[in-house]
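Residue-level structure breakdown
Here's the letter readout for the chains.
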Amino acid sequence: METARRQWIYAWLMLSPAMALLILFTHYPAVQTIVNSFYSTPRGRRKAVWIGLDNYQTLILDDVFWKVLMNNFWYAVWTIPLSILLSLAMALWVNDKIRGRGFLRMAYFTPTVLPLIAVANIWLFFYTPGFGLIDQIRGLFGLAEQNWMGSPDTALYSMIAVAIWKEAGFFMIFYLAALQTIPPSLREAADIEGASRWYYFRRVLFPLLMPTTLFVSINAVINSFRLVDHIFVMTEGGPNNASSLLLFYIYEVAFDYWDTAYAATLTVVMIAILILLAIGQFFLFDRKVHYK
Amino acid sequence: MFANFLKTASVAALATVASLNPAYAVDLEFYFPVAVGGAAADTIEQLTAEYAQANPDVNITAIYAGSYSDAGQKALTAARGGTPPQLSVLLSTQMFALIDEDVIVPFDDYLSEEEKADWIGGFYPSFMENSQTGGKTYGIPFQRSTPVLYWNKEAFKAAGLDPDVAPANWDEMVEMGKALTLKDDAGNVTQWGVRIPSAGFPYWLFQGLSTPAGAILANSDGNKVNFNDAKVVEALEYLVDLSKTHEIMQPGSIEWGPTPKAFFEGEAAMVWTTTGNLTNMRNNAPFDFGVAMLPAKERRGAPTGGGNFYLFKDSSDEQKEAAVDFVQWITAPEQAATWSIATGYIAPRAETWETDKMKAYAADFPPALVARDQLEFAVAELSTFENGKVTQAFNDALAAAIAGEMTAQQALDEAQAKAERILKPYQ
Amino acid sequence: MSYDRILNTTAAWLLALFWLLPLAYAIWTAFHPAAFETRFEPLAPLTLQNFVQAWSEAPFARYFLNTMILVTGIVAAQFTLCTLAAFAFARFEFRGKGLMFALVLMQLLIMPDILIVENYRTMSQLGLIDTIAAIGLPYVASAFGIFLLRQTFMTVPKELDDAARVEGCSYLGILWRVYIPLAKPTFLAYGLVSVSHHWNNFVWPLIVTNSVETRPLTVGLSIFAVTDSGIQWSVINAATLMTSGPLLIAFLLFQRQFVQSFMRAGIK
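The rules behind each value
- Residues numbered from 1 in each chain as written.
- Chains lettered and ligands numbered in written order.
- Predicted model: local features only at pLDDT ≥ 70, side-chain atom pairs only at ≥ 80, totals over all residues.
- UniProt positions renumbered as here; feature names shortened; annotations may be inferred.
- Helix = DSSP H or I, 4+ residues; strand = E, 2+ residues; numbered from the N terminus.
- Buried ≥ 20, exposed ≤ 12 C-beta atoms within 10 Å, placed from the backbone.
- Contact = placed C-beta atoms within 7 Å.
- Nonpolar A, V, L, I, M, F, W, Y, C, P; charged D, E, K, R; others polar.
- Pairing = 2+ DSSP bridges.
- Axes fitted to C-alpha atoms, helices over the stretch in contact; angles between N-to-C directions.

You'll find chain C entered in an unreviewed UniProt entry as L-arabinose transport system permease protein AraQ, with Pelagimonas phthalicica given as the organism. According to the UniProt record, the Subcellular location (unreviewed entry) comment for chain C is "Cell membrane". UniProt lists a comment for chain C under the heading Sequence similarities (unreviewed entry), and it reads "Belongs to the binding-protein-dependent transport system permease family."

Per an unreviewed UniProt entry, chain B goes by the name sn-glycerol-3-phosphate-binding periplasmic protein UgpB and belongs to Pelagimonas phthalicica. The UniProt entry for chain B carries the following comment under Sequence similarities (unreviewed entry): "Belongs to the bacterial solute-binding protein 1 family." According to its UniProt record, chain B has this under Subcellular location (unreviewed entry): "Periplasm".

Okay, structure coming up:
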């Protein structure tokens, strides 16, 4: 079994650089995060001490945490399906022989190359009450000005709209690529059968696009936790945490309040949620995707 | 030149540099944040270079560390890692947190009795409130500001008000605000009377209300707050009523960023914002405007703001002495005048205002004096131990009341309870 | 044209115009004096002053260079490491394979973006704070890349592989001559995801960088924009355009080829 032995050595040689970095920057910090969540934050001469579940107790009593968690829930609930649906629509449009196809593709794709942190300032202008773009347009119709970012009812939704704008065009590329692999003969066959467009989409296209949908939705789920750049510029989580998200809160706790132990506790919660979501996602898609 | 030097400013590199220089050379590194745009960073680097030229035995490196929050975080991390800068300009409100982290030392040990009296004593007392605790001086005021009221003289004229008189007290501000609030035929507001930004960190401008009302938010030991004092409640109710009852201010949280633009566009006829905006207003306002102290209630009052020099612990005595010398130099009249004129920050010592440079500046642009004169009435910016958390609890309460989610009393009671819980270990 | 078609075309165009609004606004403000940031008069005077000002107030060329170094460095390192790891998973049988693969997949969820606190500590222990390497390192061994490439490699017919073996190719030779050429579209797809991620990434670089020599564009732009004197859209947007322009133009020029080669990636 000389070859098996050699395979073993080759495999490990090839794996080890990636594994070493993975362990150093993912597994080790993840474990360390969990460990730190059981200690106090070291301050000056006071070393970190074991405090058991105290941080978790603080977490349960922290109304800001619960609010941020709910915000993140709604952020995910709106951004994930809407950005996927829009990206699919965009891809279907620009895959057809539509007028101005190149222009449309470019238009949908622009958010991908404009860094969110920079365009956040532009969106801030759009939302600004009074002389902001949205209010200028509303003014043409005689509507009163509206404080989009400054009211707890609309602040989070204003952030959601920006996130969808940012993501949809990016996801479109993947759908577009998938659509172009589908042979036109399928469509012709469907036409001969007299199938409606909707029927064709539902019964033929959509199932064929399922692997792409899985790919895109994993990305969308991750983004719903990761995409917080615009919050730094636009609302800083306000008013009264109405637009704060989990990762933004972790940043605040760690780097503004300098409370690293509590930040670790919040990170543990985030990791737990992501693991649950992943399990859920695999169950949801498992039987519907023809995975190789 | 300097930028390239930064790159090599690791411990190892500094050690090499030191070994190449005469034995008595001292290495100094200091972090500074900038909140007023690119020119300020250039001025600091220019001043540092000037100092280095006059003091060849000191190698001084100024490192632009981004925003206040970035600079604070970076200095703290470096200190924890055992390689702190010797000096850093950080928010004056971080004093207690830095003491708590055990990374800074007071300046007192490196000053003679005479210097303590003359030099420390020469700063405006209101700036020192955020710089001293327990009888020691931990911060030296450097890039400090205070909020003022800017008013649009043309809008005042159009509303039939005297364009040269700003509201002196709360009632006048409401009255004038009503005259200044304009609506179109559909009943939509086209010009608000007043704009007090409240997004992000509402507590700062709010101190421009709570101080005149007669309240002091925190004690000088940084371990007690008075968030639900009746006078604080009164101030918050006044702020809320500007939108709710008097309808002279945009409802909801108001952003800082677009505030100067809102003023230029005539969206608001009076705005409250920092003196750091003076130069911008002066260059870009398309109309004649005035600058006034914040209106009074029981008294006049406003917070101070901005950054102080801190002396970091983990360095040799030689370095600390050199650092103190540098701070004394850069806060001296000539240098402070250059800095103040370039940035709009208030020169922190009375003697600076006696220099020819500063006199010429003030004569050319009298509004610069308003901020200085307000210092007489100014108090410490809210600062405690666990400053980030305590201030956030207060900010959240203000935002909740502004949004109408809670009454002023409820919101402030809640903030007080939260803050007391956080501060318990420090009492 | 059918009713249905008109409706679709209109909807597609409306959405596109809406999607372009931020870019359109950026162009408008960047080429007009600040006074026209909020007024859209067709005859407003044009100017290049904002670009001059942005260019002189912050070292955008340097930031751009930093981002370029960062992105190419990350993508090159990811391609190398992930290809090797994916090949090992796809081609070899060895003890602990299942466990290793599970460990890799974990990073799909626990991405480096949420481990900022701990990774910062590690970087300062390694003395890497304020280096471009520190921005990239946590992302180099990418589970996403390993997973995608493994899926592609597994579709390579065994016969091709065996034929190359018979001809005396080493494992690396097979990887280079057989697997990598067949996986080109996957590299392209993955490269796009990676470039777009790191081009836009903000929070982690904000934390680990301190100086002009290391800051990527996103951090440079954010520092530039945050000042006490309020937002100056005209200058900020000029800076944004200057720095995003090259990528935007590249996409405009190459979008057809891009989508076409992309479609063969068949993300599965």
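We now examine unusual backbone geometry. In this model, Gly 238 of chain A is joined to Pro 239 of chain A through a cis peptide bond whose omega is -10°. Mapped onto the fold, Pro 239 of chain A is located in the loop between helix H11 (229-234) and helix H12 (246-256). The residue Trp 258 of chain A is not glycine, and still its phi comes out positive at about 60°. Mapped onto the secondary structure, Trp 258 of chain A falls in the loop between H12 and helix H13 (260-286). Assessed through the 24 C-beta atoms surrounding it within 10 Å, Trp 258 of chain A is described here as buried. Residue Asp 130 of chain C is not a glycine yet carries a positive backbone phi of 65°. Within the secondary structure, Asp 130 of chain C is located in the loop between helix H5 (116-125) and helix H6 (132-140).

Right, let's talk about the UniProt feature "transmembrane region" (unreviewed entry) in chain C for a bit. All names here are of chain C. The UniProt feature table records "transmembrane region" (unreviewed entry) at residues 63-87, 99-117, 129-149, 170-193 and 231-254. Its end C-alpha atoms 27 Å apart, residues 99-117 is made of 68% helix and 0% strand. A distance of 31 Å separates the end C-alpha atoms of residues 129-149, which is 76% helix and 0% strand.

The next point concerns the interface of chain C and chain A. Residue-level contacts link 76 residues of chain C with 77 residues of chain A. Sorting elements by how many residues they give to the side of chain C that touches chain A places helix H13 (residues 233-263) of chain C first, with 13 residues. Each residue belonging to the side of chain C that touches chain A can be placed in one class, and the counts come to 54 nonpolar, 17 polar and five charged.

The next subject is the sheet that holds strand S10 (residues 189-195) of chain B. Backbone hydrogen bonds hold the strands of a sheet together, and the pairing may be parallel or antiparallel. Residue and element names in this part refer to chain B. Taken together, the five strands give an open sheet; going across it, the order is S9-S10-S11-S8-S12, and neighbouring strands pair in mixed fashion. The open sheet is flanked by strand S9 (182-183) and strand S12 (289-292), the only strands paired with a single partner. Bridge count for S10 against strand S11 (residues 268-274) is three bridges, and the pairing is parallel. Bridge pairing in S11 places Trp 192 opposite Ala 268. Strand contacts of helix H9 (residues 170-180): S10 and S11, with the helix running at about 165° to S10, the strand carrying the most contacts.

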